[in-house]
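Chain residues, written in single-letter form:
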Amino acid sequence: MLMDIMKYFGRQPKSFLMILAVCLCIALGVIDHFTGYELSFSIFYLLPVFLVAWFVGRRPAIFISILSAVIWLLADLTAGQTYSHYAIPLWNSITRLGFFLMAAYFLTAIKKLLDHVTELSRRDPLTGIANGRYFSELAANEINRASRFNRPLTLTYMDIDNFKQINDSLGHSTGDDLLHLVAETIRKNVRSIDIIARLGGDEFAILLPETGYEQSGIVIEKIQQQLLDAVRQKRWPVTFSFGAVTCNKPLCKVDEFIKAADNLMYSVKNSGKNMIRHEELDRIESARG
């Protein structure tokens, strides 16, 4: 239940969360006023601070911290709280503000660190593109979205031919340079909405949302040619095998879609390498039937 609540707030606009936090501060002040100074509401004043610090950011959280401290002070004064010296409520407010600010600071620091760790877990450390696990998550979302809106989608698997020879003859550092070059070359030849990933070893995946058979075929051929040109300049004796599947119909099954692309890529590897085999998913299923 807590995860569902976190996901809900994470999907909301920051402006909505700021308005919600301000309203929450005011509501707490009103309740605090009418219940009197004998009942403590200190823990509840942290709620809007936590909300904004986690989902909006540090500077907005500072503003909410100040607002919470001021409203708390006003609630105490208007509820009839008396002090032996006029400086006491001011000191209490400063103390509360300091507590709120520390909470906001540490919470935003934890959130930033968590986001960084999450991002690292999703990226291939060598190439900087998505890793296989994150790609599977993104691919499932895109396939479901394409099925929901009846839009075409193309998935491409690519393998570097003779990659082992590069590692054996030129060293693993050259192999790493080759992998990095492949990732950068693909990145430069796709759109910002396209998704590329290193699945492990010398295998890569490219997901082209809202891209039909003919259009994706042009893109894949361009990528292969750019990759061949890049490795020729380096005089690296490698080529590239592609297996691509386009889904034109609604309700594409994620597992079948990925398996079809993988099978096509390996069929190229087993029949000469350095080729592109591109099929439409419905035709593959019809041939099986």
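Residues numbered from 1 in each chain as written. Predicted model: local features only at pLDDT ≥ 70, side-chain atom pairs only at ≥ 80, totals over all residues. Heavy atoms only, no water.

Q: How would you explain helix H9 (residues 213-234) if you had to name every residue and give the values?
A: Taking 1.5 Å per residue, 22 residues should reach 32 Å; H9 reaches 32 Å between its end C-alpha atoms and fits that length. What H9 keeps buried is the set Ser216, Gly217, Ile220, Ile223, Gln224, Leu227, Leu228, Ala230 and Val231. Mapping the buried residues of H9 onto a view down its axis gives an arc of 165 degrees, with all of them on the same face. Of the residues in H9, the exposed ones pointing more than 90 degrees away from the buried face are Glu214, Ile218, Glu221, Arg232 and Gln233. At its buried positions, H9 is contacted by strand S2 (153-161), helix H8 (172-188), strand S4 (203-209), strand S5 (239-247) and strand S6 (276-280). (Helix = DSSP H or I, 4+ residues; strand = E, 2+ residues; numbered from the N terminus. Expected span 1.5 Å × (residues − 1). Buried < 20%, exposed > 50% of the residue type's maximum accessible area, 1.4 Å probe, protein only. Arc of directions from axis to C-beta. Contact = heavy atoms within 4.5 Å.)

Q: Requested: an account of the packing of helix H4 (residues 58-78) against helix H5 (residues 87-122), with residues and values cited.
A: Pairs of packed helices are described in terms of their axes, by the angle between the two and the distance that separates them. Interhelical geometry of H4 versus H5 gives an angle of 150 degrees and a closest axis separation of 9 Å. Looking at the two axes, H4 sits roughly antiparallel to H5. Regarding H4 and H5, the two cross each other, and that crossing is right-handed. Between H4, through Arg58, Ala61, Ile62, Ser65, Ile66, Ser68, Ala69, Trp72, Leu73, Asp76 and Leu77, and H5, the contact on the second element is made entirely by Pro89, Ser93, Arg96, Leu97, Phe100, Leu101, Ala104, Tyr105, Thr108 and Ala109. Considering only residue class, the contact of H4 with H5 consists of 14 nonpolar, four polar and three charged. (Axes fitted to C-alpha atoms, helices over the stretch in contact; angles between N-to-C directions. Parallel < 35°, antiparallel > 145°, perpendicular 65-115°, else oblique. Left-handed = near helix turned anticlockwise from the far one by under 90°. Nonpolar A, V, L, I, M, F, W, Y, C, P; charged D, E, K, R; others polar.)

Q: Can you tell me about the packing of aromatic side chains, naming the residues and giving the values?
A: Two aromatic rings, taken as a pair, are described by how far apart their centres are and by the angle between their planes. For the structure on display, the rule yields six aromatic pairs. A centroid spacing of 5.5 Å and a plane angle of 80 degrees characterise the contact between Tyr105 and Phe106, whose relative ring orientation is edge-to-face. Taken together, the ring pairs connect Tyr45, Trp72, Phe99 and Phe100 into an aromatic cluster. One cation-aromatic arrangement involves Arg96 over Trp72; the distance from NZ or CZ to the ring centre is 3.9 Å. A cation over an aromatic ring shows up here: Lys111 above the ring of Trp54, its NZ or CZ 5.7 Å from the ring centre. (Phe/Tyr/Trp six-rings, centres within 6.5 Å; stacked < 30°, edge-to-face > 60°. Lys NZ or Arg CZ within 6 Å of the ring centre and 35° of its normal.)

Function cannot be inferred from these measures alone, as they are strictly geometric.
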